[in-house]
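Residue-level listing of the chains:
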Number of protein chains: 2
Amino acid sequence: MSDLVVYGNYLSQPGRSLMSFCKLSGIEFKYHNLNAFNGEHLTEEYTKINPFQSFPAIVHNGFNVWETGAILVYLADAYNVDNQWYPKDIKLRARIDAYIHWHHQNVREPLLDYIMVKYGPKAHEGGGLTEETEAPFKARLQQWYETFTWVLSETHYVARTPTATIADILAFNELFNAQMINIDLDSHPAIKAWYEEIASIPQVQELCPQAQEIIRNLTSSH
Amino acid sequence: MSDLVVYGNYLSQPGRSLMSFCKLSGIEFKYHNLNAFNGEHLTEEYTKINPFQSFPAIVHNGFNVWETGAILVYLADAYNVDNQWYPKDIKLRARIDAYIHWHHQNVREPLLDYIMVKYGPKAHEGGGLTEETEAPFKARLQQWYETFTWVLSETHYVARTPTATIADILAFNELFNAQMINIDLDSHPAIKAWYEEIASIPQVQELCPQAQEIIRNLTSSH
């Protein structure tokens with residue numbers, strides 16, 4: 001019997017995406033929650049699992065893997081996955097892989113940089129955001145809406161695939177957390193329609209309440 | 001007979017890496033040079049190949065792929081590659097894939113951001129770099145030397161694999177172009193020893209003179 005442990009945190013966008021992928025692919029796992037606010041990702045024990053101290057990471061039959069994009073491929077191969085979320089077809093994989101590489105600096109970074117400057121550990125060192133210091137993040141978000149609407153325009157899915165894939169789930173979770181920076185979906189109907197479709201996938205939806213609770217605590221204390 | 005065209009530019013770090021990978025794996029290709037200084041990556045024709053207008057991209061038997069990380073996996077699968085540069089072993093692939101995902105924001109971005117601010121299209125809009133505006137880029141580079149030395153410390157290779165892989169070639173090419181920001185390898189002997197080893201791979205080395213010529217032209221006009 002194979003033994004899989006996922007180390008993550010419900011606030012983590014890639015962590016939730018990875019767990020949804022396992023659930024959608026019938027991959028059983030144990031979940032080990034890392035409380036990042038208590039530095040549980042910085043312990044000597046976890047550093048042996050992921051030397052970069054980021055999360056999620058997995059241990060599968062004693063072998064550790066970090067970086068969500070690498071974990072997904074490893075699990076898909078180890079568990080012989082071939083479903084709409086990550087098919088074996090090399091052309092579909094090429095589209096999905098291209099999105100996941102693009103995602104880092106073009107979806108995750110613009111949204112997360114804004115969240116971090118507003119709620120991250122260093123958010124209050126400079127006395128909080130002013131209209132002036134927030135302006136470049138707002139401007140980048142405005143540009144991002146346009147880019148993301150364009151990305152969805154070909155097939156309605158982020159990786160330009162005919163159906164939703166793990167790429168959409170990764171993107172969805174970044175947008176879910178971006179409620180912390182008041183992401184405005186009502187003014188962007190193509191993004192909203194896609195968002196609501198991905199949000200309705202039960203294996204995606206079921207992880208949102210736990211994230212919502214952490215977000216509520218974080219934002220109400222500001 | 002399979003038909004592969006690589007669209008790229010010799011100044012492009014991922015483009016050179018991709019071509020070296022093909023050469024090391026016995027994958028024959030035609031090379032289509034894109035002169036980015038003339039906007040050849042912005043044409044309607046190229047936008048059909050890569051809607052993001054970045055390079056490299058490939059067309060293989062009529063199918064287009066963009067994003068180097070996705071192209072590598074696609075070609076490895078399409079050509080049944082199983083060598084030290086990108087082996088089929090899923091554990092080794094997991095290490096290499098993890099590096100390639102990490103590479104975007106932790107190797108390529110800190111080095112390329114500095115190059116772009118010094119030599120990119122907008123470099124002279126603000127009248128060139130001053131000691132003050134250059135300082136944060138220098139500081140980030142100093143930190144980067146430490147991180148990269150640590151990354152190499154486990155196995156001497158960037159993906160923590162027992163031999164050099166495509167991950168090392170991708171990293172090498174970023175450092176090669178970073179001569180434009182006077183990257184200092186002499187003060188960082190572990191990086192220098194690794195760099196010289198990767199530089200000595202004939203299929204890596206043979207693409208450097210073309211890049212060197214473009215760099216010479218770019219830097220001498222400043």
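Residues numbered from 1 in each chain as written. Chains lettered and ligands numbered in written order. Predicted model: local features only at pLDDT ≥ 70, side-chain atom pairs only at ≥ 80, totals over all residues. Heavy atoms only, no water.

With that settled, the discussion passes to the overall build of chain A. What chain A contains, in helices and strands, is 9 helices and 4 strands. Counting helices and strands in the order they occur from the N terminus, chain A gives β-α-β-α-β-β-α-α-α-α-α-α-α. On C-alpha atoms alone, chain A measures out to a radius of gyration of 18 Å, which is about the 17 Å that the 2.2 N^0.38 rule sets for 222 residues. Referenced to the eigenvectors of the C-alpha coordinate spread, the extents of chain A come out at roughly 55 × 45 × 25 Å. Here chain A holds 222 residues, and 53% of them are scored as buried. Only carbon and sulfur atoms are counted for the fraction: they give 50% of the accessible area of chain A, which is about 10000 Å². (Helix = DSSP H or I, 4+ residues; strand = E, 2+ residues; numbered from the N terminus. Rg over C-alpha atoms; globule rule 2.2 N^0.38 Å. Buried < 20%, exposed > 50% of the residue type's maximum accessible area, 1.4 Å probe, protein only. Areas by Shrake-Rupley, 256 points an atom, 1.4 Å probe, with all protein chains shown as cover.)

In many reports, interface size means the accessible area that the parts give up when they come together. All names here are of chain A. Split by domain assignment, chain A resolves into domain 1 (4-78) and domain 2 (90-220). One C-alpha centre belongs to domain 1, the other to domain 2, and the line joining them spans 20 Å. The partner domain 2 presents 22 residues to the 20 residues of domain 1 that form the contact. Across the domain 1 to domain 2 interface the summed buried area is about 1800 Å²; carbon plus sulfur atoms make up 67%. (Domains from an automatic or database assignment. Contact = heavy atoms within 4.5 Å. Buried area = accessible area lost by both parts, 1.4 Å probe.)

Comparison of the two chain copies shows a relationship of rotation about an axis with a shift along it. The operation relating chain A to chain B is a screw motion whose rotation component is 180 degrees, with 0.0 Å of axial translation and a residual RMSD of 0.0 Å. Taken together, the turn and the small shift mark the pair as related by a two-fold rotation axis. When C-alpha positions in chain A are compared against the rotation axis, the closest is assigned to A:His101, at 3.3 Å. (Least-squares fit on C-alpha atoms with pLDDT ≥ 70 in both.)

This brings us to the packing of aromatic side chains. With the rule as written, the count across this model stands at 26 aromatic pairs over all chains. Ring centres 5.8 Å apart and planes at 35 degrees place the aromatic pair A:Tyr114 and A:Phe137 in the tilted group. Pair noted here: A:Tyr114 is in helix 4 (residues 90-119) and A:Phe137 is in helix 5 (residues 131-152), with a separation of 23 residues, a long-range link. For A:Tyr114, a relative accessible area of 3% translates into the label buried. Here the aromatic cluster, defined as three or more aromatic residues joined through ring pairs, consists of A:Phe52, A:Trp66, B:Tyr99, B:Trp102 and B:Trp150. Here the basic side chain of A:Arg160 rests over the ring of A:Trp150, its NZ or CZ set 4.8 Å away from the ring centre. (Phe/Tyr/Trp six-rings, centres within 6.5 Å; stacked < 30°, edge-to-face > 60°. Lys NZ or Arg CZ within 6 Å of the ring centre and 35° of its normal.)

Here is the key point about a regular strand: its side chains alternate between the two faces of the sheet. Residues and elements named next belong to chain B. In terms of residue burial, strand 1 (residues 4-8) counts as a mostly covered element, since 5 of its 5 residues are buried. Here strand 1 shows no split at all, with Leu4, Val6 and Gly8 on one side and Val5 and Tyr7 on the other all buried. Where strand 1 lies against strand 2 (residues 30-33), 4 bridges are found, and the strand directions are parallel. If you follow Tyr7 over to strand 2, its bridge partner there is His32. With respect to chirality, the unit in which strand 1 leads through helix 1 (residues 13-24) into the neighbouring parallel strand 2 is right-handed. (Pairing = 2+ DSSP bridges. Right-handed = clockwise from strand over helix to strand, strands pointing away.)

Residues and elements named next belong to chain B. One open sheet accounts for 4 strands, arranged 2-1-3-4; its pairing is mixed. The sheet terminates laterally at strand 2 and strand 4 (63-66), the two strands that pair on one side only. Adjacent strand axes in the sheet meet at a mean angle of 20 degrees, parallel and antiparallel pairs treated alike. Looking at chain direction, strand 3 (residues 57-60) and strand 4 are connected through 4 bridges and run antiparallel. Residue pairing in the sheet places Val59 in a bridge with Asn64 of strand 4. Its contacts with the sheet place helix 3 (residues 68-78) against strand 1, strand 3 and strand 4, and it is angled at close to 135 degrees to strand 4. (Axes fitted to C-alpha atoms, helices over the stretch in contact; angles between N-to-C directions.)

A few words on the pattern of salt bridges. Residue and element names in this part refer to chain A. Enumeration over the complete set of coordinates arrives at 18 salt bridges over all chains. A salt bridge links Glu206 to Lys23, with the shortest nitrogen-to-oxygen separation between them at 3.2 Å. In this pair, Glu206 sits in the loop between helix 8 (202-205) and helix 9 (208-220) while Lys23 sits in helix 1 (residues 13-24), placing the two residues 183 residues apart along the sequence. Of the charged contacts in the structure, one is a salt bridge between Lys118 and Glu134, with a shortest N-O distance of 3.9 Å. Of this pair, Lys118 sits in helix 4 while Glu134 sits in helix 5; the two residues are 16 residues apart in sequence, bridging distant segments of the chain. Taking relative accessible area as the criterion, Glu134 reaches 14% and is therefore assigned buried. Linked by salt bridges that have partners in common, Glu109, Asp113 and Arg140 make up one network. (Salt bridge = Lys/Arg side-chain N within 4 Å of Asp/Glu carboxyl O.)

Quick look at the packing of helix 4 (residues 90-119) of chain B against helix 6 (residues 166-177) of chain B now. All names here are of chain B. Orientation of helix 4 relative to helix 6, taken along the N-to-C sense of each, is 0 degrees, at an axis distance of 10 Å. Classified by the interaxial angle, the pair formed by helix 4 and helix 6 is roughly parallel. Judged by residue contacts, Ile96, Tyr99, Ile100, His103, Val107, Arg108, Leu111 and Ile115 of helix 4 engage Ile166, Ala167, Leu170, Ala171, Glu174, Leu175 and Asn177 from helix 6. For the contact of helix 4 with helix 6, a count of residues per class yields 11 nonpolar, 2 polar and 2 charged. (Parallel < 35°, antiparallel > 145°, perpendicular 65-115°, else oblique. Nonpolar A, V, L, I, M, F, W, Y, C, P; charged D, E, K, R; others polar.)

Another point: the sheet that holds strand 3 (residues 57-60) of chain A. Residue and element names in this part refer to chain A. The strand order across the open sheet built from 4 strands is 2-1-3-4, with neighbouring strands paired in mixed fashion. Here the strands that pair on one side only, and so sit at the sheet edges, are strand 2 (30-33) and strand 4 (63-66). With direction set aside, neighbouring strand axes in the sheet form an average angle of 20 degrees. Its contacts with the sheet place helix 3 (residues 68-78) against strand 1 (4-8), strand 3 and strand 4, and it is angled at close to 135 degrees to strand 4.

Take unusual backbone geometry next. Along the chain, A:Phe55 connects to A:Pro56 via a cis peptide bond; the corresponding omega equals 10 degrees. Within the secondary structure, A:Pro56 sits in the loop between helix 2 (44-49) and strand 3. Positive phi outside glycine occurs at B:Gln53, with the angle close to 60 degrees. Considering the arrangement of structural elements, one finds B:Gln53 in the loop between helix 2 (44-49) and strand 3. Exposure remark for B:Gln53: the relative accessible area of 26% places this residue in the partly exposed category. The phi dihedral of B:Asn182 falls on the positive side, at around 55 degrees, and the residue is not glycine. With respect to the helices, strands and loops of the structure, B:Asn182 is situated in the loop between helix 6 and helix 7 (189-199).

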